[in-house]
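Each chain, letter by letter, is given below.
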Amino acid sequence: MDNGKSTELFRRREILIGLAAGTMLPFISACAENAALGRSQLMLISDAQLTQLSAQAWQESLNRERVSRDPAYTRRLDRVGQRIVHASGQTHLDWEFVVFDSDTVNAWVLPNGKVGFYKGILDLMETDDHVATVMGHEIGHIAGRHSAERASQQMAAQIGMSLVSTALNTSADIAYSDQLGAALGMGVSLGIILPYSRQHEFEADRLGIDYMVAAGYDPRQAIDFWIAMSTTHQGGQLEFASTHPSDEHRIEAMRAHMAARGYV
């Protein structure tokens, strides 16, 4: 390739990369401040849309999963859940706490206040402080409006990549347009979407610790719980390509937050 064509190709690649980065500019006006996090967030999805989607997901979960009728499990989850909800200030939602009769080690919460814990994870929780650890983390995601922000980021990324793809396809003289488009897509995923997911996890951890303390639970047991959990999923994927932080970094960050707050 002669120097003229090489220079032109480089220049156009730079323009396209700039275009990919600049697709976020029209969405700046859609940013909103979140007092719980102390930062602004991109919001392209309304609360009404999120509530509707959450209601659909909740009904699907109730239809798909077997709900536990064991009163000991349901009382425990409700007892801890109510305390954490009041501590978090998220009392405006229609909260519902359900235990699913499964050995699955998992728990989740929807933006409309519907909480699902599996018996598998509750059986690993020796104290109510352990339940409060996960409950606080999950409710931290709600206070952080992480679902809405995540959806908004994905929408913005898809719009941006669509514009770049169109530009590449209409530039027939640009060599390797398919490879360049794929590389830009990888950059959006690893550079924007996944790191924000890890940020959400760290933020939910910090908020969860604060809610535990406000509700009268021992935050030190949160560390014990996550250390125990870390032994159940060794050999996971590298942190830079994961939506969750490594166990080591998560526990380190929680300890730092507790020390900064004077909890220990």
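Right, let's talk about the packing of helix α5 (residues 128–143) against helix α8 (residues 220–230) for a bit. A pair of packed helices is characterised by two quantities: the angle between their axes and the separation of those axes. Packing of α5 against α8 brings their axes to within 9 Å, and their N-to-C directions diverge by 80°. Judged by the inter-axis angle, α5 sits roughly perpendicular to α8. From α5, Asp-129, His-130, Thr-133 and Val-134 reach across to α8, where they touch Gln-221, Ala-222, Phe-225 and Trp-226. A class-by-class count of the residues in the contact of α5 with α8 yields 4 nonpolar, 3 polar and 1 charged.

The next point concerns the side chain of Asp-129. Looking at the secondary structure, you find Asp-129 in helix α5. No salt bridge forms around the buried Asp-129; measuring N to O, its nearest opposite-charge neighbour Arg-83 is 7.2 Å away. For Asp-129, the side chain forms a polar contact with the side chain of Gln-221, separated by 3.4 Å. In this view, Asp-129 contacts Met-212, Tyr-217, Asp-218 and Gln-221; residues no more than four positions away in its chain are not counted.

So, on to the packing of aromatic side chains. Counted under the stated rule, the structure contains 6 aromatic pairs. An aromatic cluster is present here, built from Trp-58, Phe-100, Trp-108 and Tyr-118 joined pairwise through their rings. Between Arg-250 and the ring centre of Trp-226, over which it is positioned, the NZ or CZ distance is 4.5 Å.

Let's shift gears to the pairing of strand β2 (residues 39–42). Pairing geometry for strand β1 (residues 31–34) and β2, over 4 bridges, is antiparallel. When the bridges of β2 are listed, Cys-31 appears paired with Leu-42. If you look at the hairpin formed by β1 and β2, you'll find 4 residues sitting between the two strands, and Gly-38 has a positive phi there, around 70°.

Another point: the confidence of the model for the protein. Caution is warranted with low-pLDDT regions, since their predicted coordinates should not be read in detail. Per-residue pLDDT for the protein averages 79, and the proportion of residues at 70 or more is 70%. In the predicted structure, residues 15–28 sits below a pLDDT of 50 and forms 20 contacts with residues beyond four places in sequence or in another chain.

Let us look at the side chain of Glu-138. Looking at the element boundaries, Glu-138 is found in helix α5. Of the side chains bearing the opposite charge, Arg-250 lies closest to the buried Glu-138, which forms no salt bridge; the N-O distance is 7.7 Å. Not counting chain neighbours up to four residues away, the residues in contact with Glu-138 comprise Ala-107, Trp-108 and Val-109.

So, about unusual backbone geometry. One non-glycine residue with positive phi stands out, namely Arg-145, at about 50°. As for its placement among the helices and strands, Arg-145 is situated in the loop between α5 and α6 (146–169).

Once that is clear, we can look at the pattern of salt bridges. A full pass over the atoms with the stated rule returns 13 salt bridges. Note that Asp-128 and Arg-76 form a salt bridge whose closest N and O atoms lie 3.2 Å from each other. Here Arg-76 lies in helix α3 (residues 71–88) and Asp-128 lies in helix α5, a separation of 52 residues in the sequence. For Arg-220, the salt bridge goes to Asp-218, with nearest N and O atoms at 3.1 Å. Salt bridges sharing common partners tie together Arg-39, Glu-149 and Glu-203.

On the basis of which strands lie adjacent, the open sheet formed by 3 strands has the order β3-β5-β4 and mixed pairing. What marks the edges here is a single partner per strand, and that holds for β3 (96–100) and β4 (107–109). Taken pair by pair, the neighbouring strands of this sheet meet at an average axis angle of 15°, ignoring direction. Bridge count for β4 against strand β5 (residues 114–118) is 3 bridges, and the pairing is antiparallel. Its bridge partner lying in β5, Trp-108 is registered against Gly-116. Contacting β3, β4 and β5, helix α2 (residues 47–64) runs over the sheet at an angle of about 30° to β3. Set on the sheet, α5 makes contact with β3, β4 and β5; between it and β4 the angle comes to about 30°.

Rules used in this analysis
- Residues numbered from 1 in each chain as written.
- Predicted model: local features only at pLDDT ≥ 70, side-chain atom pairs only at ≥ 80, totals over all residues.
- Heavy atoms only, no water.
- Axes fitted to C-alpha atoms, helices over the stretch in contact; angles between N-to-C directions.
- Helix = DSSP H or I, 4+ residues; strand = E, 2+ residues; numbered from the N terminus.
- Parallel < 35°, antiparallel > 145°, perpendicular 65-115°, else oblique.
- Contact = heavy atoms within 4.5 Å.
- Nonpolar A, V, L, I, M, F, W, Y, C, P; charged D, E, K, R; others polar.
- Buried < 20%, exposed > 50% of the residue type's maximum accessible area, 1.4 Å probe, protein only.
- Lys, Arg positive; Asp, Glu negative; His and termini not counted.
- Salt bridge = Lys/Arg side-chain N within 4 Å of Asp/Glu carboxyl O.
- Polar contact = N/O pair within 3.5 Å; in protein donor to acceptor, adjacent residues only side chain to side chain.
- Phe/Tyr/Trp six-rings, centres within 6.5 Å; stacked < 30°, edge-to-face > 60°.
- Lys NZ or Arg CZ within 6 Å of the ring centre and 35° of its normal.
- Pairing = 2+ DSSP bridges.
- pLDDT = per-residue confidence, 0-100.

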